[in-house]
Amino acid sequence: MSIKSDEISSLIKQQIENFQSDVKANEVGTVIQIGDGIARAHGLENVMAGELVEFSNGVMGMAQNLEENNVGIIILGPYTDIREGDEVKRTGRIMEVPVGEELLGRVVNPLGQPLDGQGAIETTRTRPIESPAPGVMDRKSVHEPLQTGIKAIDSMIPIGRGQRELIIGDRQIGKTSIAMDTIINQKEEDILCIYVAIGQKESTVSGVVETFRQKGALDYTIVVNAGASDPAPLLYLAPYAGVSMGEDFMYNGKHVLVVYDDLTKQAAAYRELSLLLRRPPGREAFPGDVFYLHSRLLERSAKLSDEKGAGSLTALPFIETQAGDVGAYIPTNVISITDGQIFLQSDLFHSGVRPAVNPGISVSRVGGSAQIKAMKKVSGTLRLDLASFRELEAFAQFGSDLDESTQAKLSRGERTVEVLKQGLHQPQPVEKQVAILYALTSGFLDDIPVKDIQRFESDLFVYLDSNHKELLNSIRETGQLPESEDFNNAIEGFKKTFNVSK
């Protein structure tokens, strides 16, 4: 068999032409110190701030401190198997989370990994957890209401789409319940919700998820959970993961509500990380950039302009106070960043006023522009009525003889407090809120005993639903109050059928 040299040379030439060398240059460093969820690595010369790095056992980390001789890395997972001398390599990716509608109805951790045992999340899209907030020209003033379904809030402290409204108060006085009711109330409102649980007990989060499931709210909600037993880096990243998932919807023209429950625990986790990274401590041992930690998060809430798709992202950050002290470092920081606050008071809560909203020091800086006209009309005097009632209440305790006008104010105040009480997980549509507040401010409740007010309210709704559905529909569709004569006739007609308890 003869060997033809020209054939061999042509084959070799062909092989050389088709040869592709896949040479990948990975920048690899060495762990020089490890402990308390922080690793220091040497050799990652070109690593970026916030870049994901991978340890030899597959655990991910995030570059935080870029120093002259080493890089401080926070470890996003178990760190007991990482040893000094282990390799750590760059990924070239800034920290990102999966986004998209596939996440709705799921419980995930801040890295976007499922925690609900329902299999992998089938989405290919991701978004960096840190991204610039929309600029001034990309925004529009807040003008559409976000209905919470809670009378005390929708009437006196209205929240608009794109607003940041702080919910602040001591522990165990119903902060989470307000957020849950608000999310449950979005069922008919075409708003997607993201509930970010930071440093809470697993049993608490499990209860929240189960309530959402029972009320049908889980279908349009993503739950991001960084539990109390998770490492501090996950607690620090959780709110950024939540807002990134929400931004994806917002830039696609949708309306989103994000609840951060609560930012006090995020600040504590960030303090822990900063001290371990040897950053200098400031007031209350928090690092100097703890204000920036929250401002860069909350500034990403916006109502986008029509050119940008008119989407919105509304934020409800939570702050837990110690014995009602709103003058502490973190509460004052977040109050100054947000567009108003809803202050919950433990005295009110323990005296049976629930939700325990104190309208005296609660405020919404968006105000009436985020209310429908009907609600604006009926709730105009509520705040003043309550304030004067609280003042007179203190006087009345001395038992002195009161003139008629003072007694009338006290009587109206008692009924106002009673009307604003609301059961747990029973948000009300705005048209029903308007109906009961109209009855209150027009004096229809003045002769009803206080103990009968709650029954009067529920029976009135049943009566209007069955006999005057058109009045409720008119409020919902037009946002205007119906003719006062029609409304008065309907309420008077109901009062004739209502039996006062003896």
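Novice: Explain the overall build of the protein chain to me, please; I cannot follow it from the model alone.
Specialist: Of the regular secondary structure elements, the protein chain holds 16 helices and 17 strands. A burial count over the protein chain gives 52% of its 502 residues as buried. If you take every contact in the protein chain between residues at least 6 apart in sequence, the share linking residues at least 24 apart comes to 74%. Accessible area of the protein chain: about 23,300 Å², with a carbon and sulfur share of 49%. Averaging the positions of the 51 positive and the 69 negative side-chain charges in the protein chain gives two centres separated by 2 Å.

Novice: When you look at the environment of D306 in this model, what are you seeing that I'm missing?
Specialist: With respect to the helices and strands, D306 occurs in the loop between β14 (302-303) and β15 (312-320). Within polar-contact distance, the side chain of D306 engages the side chain of K140 at 3.0 Å.

Novice: Would you mind going over the nonpolar core with me for this structure?
Specialist: Here is a general trend for soluble globular proteins: nonpolar side chains tend to be buried in one another's company. Ranked by internal contacts, the top residues of the largest apolar core, which has 134 residues, are I183, F212, I222, M245 and Y260. Counting residues per element, this core draws most heavily on helix α5 (residues 232-250), at twelve residues. Once you skip the residues sitting within four places of it in the chain, I183 turns out to touch C193, Y195, F212, A217, Y220, T221, L257 and V259. In terms of nonpolar packing, the next biggest core, distinct from the first, is built from 14 residues, A39, V53, I75 and V88 among them.

Novice: Would you mind going over the pattern of salt bridges with me for this structure?
Specialist: Pairs can form between side chains of opposite charge once their charged atoms are near each other. Under the defined criterion, the tally for this structure stands at 28 salt bridges. The salt bridge partner of R90 is E27, with a shortest N-O separation of 3.3 Å. Linking R90 in strand β6 (residues 87-94) with E27 in the loop between α1 (5-18) and β1 (28-35), this pair joins segments that are 63 residues apart in sequence. The partner of K254 in a salt bridge is E101, and the shortest N-O contact between them spans 3.2 Å. Here K254, found in the loop between α5 and β13 (255-261), pairs with E101, found in the loop between β7 (96-98) and β8 (107-108); they are 153 residues apart in sequence, far enough to count as distant. By relative accessible area, E101 is classed as partly exposed at 47%. One network of salt bridges, with partners in common, ties together R139, R164, E299 and D339.

Cut-offs applied
Residues numbered from 1 in each chain as written. Predicted model: local features only at pLDDT ≥ 70, side-chain atom pairs only at ≥ 80, totals over all residues. Heavy atoms only, no water. Helix = DSSP H or I, 4+ residues; strand = E, 2+ residues; numbered from the N terminus. Buried < 20%, exposed > 50% of the residue type's maximum accessible area, 1.4 Å probe, protein only. Contact = heavy atoms within 4.5 Å. Areas by Shrake-Rupley, 256 points an atom, 1.4 Å probe, with all protein chains shown as cover. Lys, Arg positive; Asp, Glu negative; His and termini not counted. Charge placed at Lys NZ, Arg CZ, Asp CG, Glu CD. Polar contact = N/O pair within 3.5 Å; in protein donor to acceptor, adjacent residues only side chain to side chain. Core = buried A, V, L, I, M, F, W, Y, C linked by side-chain atoms within 4.5 Å. Salt bridge = Lys/Arg side-chain N within 4 Å of Asp/Glu carboxyl O.

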